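So you can see what is in the structure, the chains are spelled out below.
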Amino acid sequence: MTQDVVIVGAGPVGLFLSIELAIAGVKPLVLERLVEPDRTIKAAAVGAVAAEALERRGLAGALDDEQRAAMALMMPALKARFGPGPVKKPGGHFSGLFLIDQGLQRDPERRMRPVPQEALEKILIARATELGIDIRRGITVEGLERDDDGVTVQTSAGPLRAKYLVGCDGGRSRVRKLAGFEFPGTDPTITGYQAVVELDAPEKLPTGWHRTPRGLVASGPTPGRVFTAEFNGPPPHRDAPITRAEVEAAIQRVSGTDVKILSMTMATRWTDNARQATTYRMGRVFLAGDAAHVHSPFGGQGLNLGLVDAANLGWKLAAAVKGREHLLDSYTAERHPVAARVLENTRAQVALMRPDPLTSALRAIVSDLMKLPAGNRYFGEMLTGVGIRYDLGDDDPLVGTLAKDQLLTLKGGSEERLYTLMENGGGLFISPLERSLPQDVQVARTQGGPSMLVRPDGCIAWTDASSTSLDDALARWF
């Protein structure tokens, strides 16, 4: 039996891609080498445009629940740091400078969600299960062969045949290596740790991010979470088991204290190599998420980037399964420049963290720039991704951007939110005008106002101020 799509990797990117395909009418097969979901410490939040992609598929309520739970855990630390009174919702940071003010952003309601990656994975697994997606765990990919009609995948459970194969299997992607994707970039310079620990004297590590003469140390915002970075080269033994003693020694070196770890629940090593595949597609093999691009965790952009990769690819891949392959090349064209910019800004953040007087002087200037309204918007939009604009060849500045949620007043007087109308996938045409449209585009007849065509991934493909025609946009995307 030939599968339409095989996805390798059941992390957030692979799971969300599988959901996007299933909603579009294509049931994928997901392969995962781990027998159980990975519970090690990961991203602490979901970026703005990734959260919006999830909301467009009806997951806003589940995100709200997890966000409330996360904020309840963080609140004691936030109040200890910022004092009594209202606590600002997290706005993200650039190089440990927590200066991004949501009130200065063009769209202040478009913000990151403090939902930990572990909680997000539970949401996505539940949704995938509801949709009947086949997730097979404990299976490794050992080889693959491509031809004009599909891909033969050799796995530990035997061979599989697929029309399309997608590697969502992380920074050390087996799919990327077997398929021969080039993966150039810059080498690592940092040894870092993230861990959840119990300390003998937690007051010796004040909450927040602290740059010291020996590196960077962060504590919180959830109880026991610590983070260190030392700028002395990459870990010598990246894959060796992580011991409590080495994490404790790193915390002591960077903080300059004698704080001790009484117990350690989980820990990971990290570094800052920044690499990107030169293309995300080789024939019928694709890459998404960390398989396509890796970088340091600064700014929390990796999860944001990968989930929007999945949103961009999912509906195009579903269309290709149904015979419309011409959309597939636009995946690399649209997503590659976005990741390239993230790699550049994470490299800049590393440079701005180095513990030396010259960097301190530069850091002070960048801090001043971030306090200016225009500078604050620049950094805020860069980190949240809301400034994304794909080049669709249209002069209208709205075309190519990702549509924000909004309340629409429909003909007849009822009201509906834009994202709610997109929960079942497909495109959306918002207009007071009557118009004959393809079957995969639904219509939201409004009482008045401008007209807009939105792709399934939330990208605005046409407006009535476009330099291209609606007919051309419909023919191109639908």
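This write-up is about the structure you can find in this document.

The rules behind each value
- Residues numbered from 1 in each chain as written.
- Predicted model: local features only at pLDDT ≥ 70, side-chain atom pairs only at ≥ 80, totals over all residues.
- Heavy atoms only, no water.
- Helix = DSSP H or I, 4+ residues; strand = E, 2+ residues; numbered from the N terminus.
- Salt bridge = Lys/Arg side-chain N within 4 Å of Asp/Glu carboxyl O.
- Phe/Tyr/Trp six-rings, centres within 6.5 Å; stacked < 30°, edge-to-face > 60°.
- Buried < 20%, exposed > 50% of the residue type's maximum accessible area, 1.4 Å probe, protein only.
- Pairing = 2+ DSSP bridges.
- Axes fitted to C-alpha atoms, helices over the stretch in contact; angles between N-to-C directions.
- Contact = heavy atoms within 4.5 Å.

## Thoughts on unusual backbone geometry
Turning to step 1, where the next piece is worked out: Here G220 and P221 are connected by a cis peptide whose omega angle stands at 5 degrees.
Turning to step 2, where the next piece is worked out: Along the chain, the position of P221 falls in the loop between β10 (215-219) and β11 (225-230).

## Looking at the pattern of salt bridges
Turning to step 1, where the next piece is worked out: Taken as a whole and judged by the stated rule, the model has 30 salt bridges.
Turning to step 2, where the next piece is worked out: Counted as one network, the salt bridges with shared partners bring together K316, E334, R455 and D457.

## Some details on the packing of aromatic side chains
Turning to step 1, where the next piece is worked out: Per the stated rule, a full pass over the model turns up 14 aromatic pairs.
Turning to step 2, where the next piece is worked out: The interplanar angle of 55 degrees and the centroid separation of 5.6 Å between the aromatic rings of Y280 and Y331 together place this pair among those described as tilted. With Y280 in the loop between β13 (274-276) and β14 (281-282) and Y331 in helix α8 (residues 329-353), this residue pair connects regions lying 51 residues apart in the sequence.
Turning to step 3, where the next piece is worked out: Look at Y331 and you get buried, because its relative accessible area is 0%.

## Considerations on the sheet that holds strand β21 (residues 452-454)
Turning to step 1, where the next piece is worked out: The strand order β20-β19-β21-β22 describes an open sheet built from four strands, whose pairing is mixed. Only two strands of the sheet have a single neighbouring strand rather than two, namely β20 (441-445) and β22 (460-463). In this sheet, neighbouring strand axes are inclined to one another by 15 degrees on average, regardless of whether the strands run parallel or antiparallel.
Turning to step 2, where the next piece is worked out: Contacts between helix α12 (residues 470-477) and the sheet are confined to β19 (427-431), β20, β21 and β22, with β22 contributing the most and set at about 160 degrees to the helix.

## What about the sheet that holds strand β8 (residues 191-199)?
Hydrogen bonds between backbone atoms are what pair the strands of a sheet, whose relative direction is either parallel or antiparallel.
Turning to step 1, where the next piece is worked out: On the basis of which strands lie adjacent, the open sheet formed by five strands has the order β9-β10-β11-β8-β12 and antiparallel pairing. Each of the sheet's edge strands pairs with one partner strand only, and the pair in question is β9 (208-212) and β12 (261-270). With strand direction ignored, the average angle separating the axes of adjacent strands in the sheet is 20 degrees.
Turning to step 2, where the next piece is worked out: Alignment of β10 against β11, held across four bridges, turns out to be antiparallel. Directly across from V217, in β11, lies its bridge partner T228.

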